[in-house]
Amino acid sequence: MNTSLTDLSVIQILDGLKKAEFSCRELVQAYLERIAILEPRVHAFVTLAEEDALSLADKADARYASARHSGSETPPLLGLPIAVKDLITVAGMRCCCGSAILKDFVPPFTASAVQRLLDAGAIVVGKTNTDEFAMGSSTETSAFGPTFNPWDVTRVPGGSSGGSAAAVAAGMVPAALGSDTGGSIRQPASFCGVCGIKPTYGRVSRYGLVAYGSSLDSMGVFTRNAEDAALLFSLMAGIDPLDSTTVDVPVPVLNLREKERLDGLRVGIPQEYFIEGIQPQVRQCVLAAIDILRLLGAELVEVSLPHTEYALPVYYLIAPAEASANLARYDSVRFGLREPAATLWEMFKRSRGVGFGAEVKRRIMLGTYALSAGYYDAYYGQAQKVRTLIRRDFDQAFEHVDLIACPVAPSTAFKLGEHAGDPLAMYLEDVFTLPTNLAGIPGLALPVGFDDNHLPIGIQFLGAHFREDVLFRAAHAYQGVTDWHQQVPALD
Ligand code: GLN
């Protein structure tokens, strides 16, 4: 009974709770038991909230019972267990951002998007591991140690939201929140064989998402299938007075049909994303998935995004520049780790020296350099101009197509430590995901096959600004005729 509960999708869980097929306490207990068994092997979590989750489960059960009695409606996610990336605040739950500098930080406020899910009845069971301040592609830069890929625990789950992706893949939660600044939702989704949506910039509030690169950051969600992701996305999204970059564009209510067709959908294939150096099996599976879109009625169109090759250098100027400014707030005065010292200046230096890890320090130095007088125009200013060209590439492509389909990452999950000591090799993992963030458009990753090592391969669907609906519809149609999203790692 308990193992099968943790196999259910979000929609199946909500249906089962409503019909009283199982109680919310049974459900939460099943997940907590699974977490207890698998956590030593996967290490997806940094904080667990078992007691609170169980008491909220009892409240949800009582609410279902009284609604059944009175015939009234219940909130849409009542009793749904979720996990939250430890870069996103939940009041009263420690938020460390994978960093020693915030090891004991307990935020007094909840992120707006999380609050919306809580208001809809969701239950947070814990906070998931992340690369330090979301800087990385493997979770290996976390001060809490790495997360392990549930498909092969000698490999990384991707990053930076690796804990959330691994937790969903391992069946420790049916859904988990993540953030994506340059690929941190899509790449771990791809490495772990789950679904991950990075919404349009401005679609989901960033209030309570600890800032990395403020013009690039977005919050999204991991689930096993596109339908579940669409439901959670629609509840998280929308304008928020606490984030002035959110936009008042109506959030689509998605009525995904059982057997969705894609007649009339124009799918763009960007030649720049099928370059030398991508793993042959990744290319094969992505092309096979695109062919299924064609069989579902979509029309395939070649498109060109000519400035793609500049995305990597542009991102690695803009993101560190913004990070160096954002991370200046960790001065150890009001919160965070503080090292004893004789003078204030010495205290800053020692606390930040001890509190930040090597990758974060590298980014702060890169960013500070790019912003310094004399270099600002040559580096940061120039990068901003090229960013505009990258965005224009997408705008032009979306005049001809409704969706762009391409690989998420050039390879499947790599071995732990494989890129240690070679930051550039790690940065190259992001080559296909960064352009999306620079352009601010939405991206959805979903599983489309396995390589010879039985490691998941993902595809990403990119859409025009605020057209997440197109991505969900295409993914749902694909999942209606394939079963990659139903495969689970052999952990039991
Ligand atoms: N790997 C990229 C980086 O290190 C992207 C991380 C992210 O999206 N948060 O910056």
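This text follows the structure it describes.
Residues numbered from 1 in each chain as written. Predicted model: local features only at pLDDT ≥ 70, side-chain atom pairs only at ≥ 80, totals over all residues. Heavy atoms only, no water.

S.K.: Would you take a moment to explain a nonpolar patch on the surface for this structure?
M.R.: Among the surface-exposed residues, Y369, Y375 and Y379 lie close enough to one another that they form a single nonpolar patch of about 290 Å² accessible area. Note on placement: Y369 falls in helix α12 (residues 358-371). (Patch = residues over 30% accessible without salt bridge, like charges linked within 9 Å, V, L, I, M, F, W, Y side chains within 5 Å. Areas by Shrake-Rupley, 256 points an atom, 1.4 Å probe, with all protein chains shown as cover. Salt bridge = Lys/Arg side-chain N within 4 Å of Asp/Glu carboxyl O. Helix = DSSP H or I, 4+ residues; strand = E, 2+ residues; numbered from the N terminus.)

S.K.: Even after reading the chapter, I still don't get the environment of A289, so can you show me in this structure?
M.R.: Among the structural elements, A289 can be located in helix α9 (residues 280-295). Between the alpha carbons of A289 and L231 there is a distance of 23 Å; along the sequence they are 58 residues apart. Apart from residues lying up to four places away in sequence, A289 is in contact with V448, I459 and Y478. (Contact = heavy atoms within 4.5 Å.)

S.K.: Just to check I follow, could you spell out helix α3 (residues 24-42) for this structure?
M.R.: It helps to recall that an α-helix has 3.6 residues per turn; residues three or four apart then point in one direction. The principal kink in α3, of about 35°, is found at A36, preceding the proline P40 by one to four residues. Every buried residue belonging to α3 is among C24, L27, V28, A30, Y31, L32, R34, I35, L38, E39 and V42, and all of these are buried. Phi for H43, located one or two positions after α3, is positive at around 50°. (Bend = angle between axes of the 7 residues up to and from the residue. Buried < 20%, exposed > 50% of the residue type's maximum accessible area, 1.4 Å probe, protein only.)

S.K.: Whenever I open this one, the packing of aromatic side chains confuses me. Can you help?
M.R.: Any two aromatic rings considered together are summarised by their centre-to-centre distance and by the angle between their planes. Applying the stated criterion across every chain, the model contains 19 aromatic pairs. Ring geometry for F233 and F472: centres 5.5 Å apart, planes at 50°, overall tilted. Separated by 239 residues along the polypeptide, F233 in helix α8 (residues 226-236) and F472 in helix α16 (residues 468-481) bring together distant segments of the chain. Like F233, the residue F472 is buried in the burial classification. Taken together, the ring pairs in this structure connect F105, F133, Y330, F335 and F356 into an aromatic cluster. (Phe/Tyr/Trp six-rings, centres within 6.5 Å; stacked < 30°, edge-to-face > 60°.)

S.K.: Would you take a moment to explain the site of the ligand for this structure?
M.R.: In the vicinity of the ligand, 15 residues are found, and the nearest of them are T181, G182, S184, Y212 and Y315. With respect to the ligand, the side chain of S184 contributes an N or O atom lying 2.7 Å from a nitrogen atom. Between the ligand and D430 there is a distance of 2.9 Å, counted from a nitrogen atom to a side-chain nitrogen or oxygen. Burial of the ligand by the protein amounts to 99% of the accessible area it has alone, namely 290 Å². Among the residues forming the shell around the ligand, the class breakdown is five nonpolar, seven polar and three charged. (Near = heavy atom within 4 Å. Polar contact = N/O pair within 3.5 Å; in protein donor to acceptor, adjacent residues only side chain to side chain. Nonpolar A, V, L, I, M, F, W, Y, C, P; charged D, E, K, R; others polar.)

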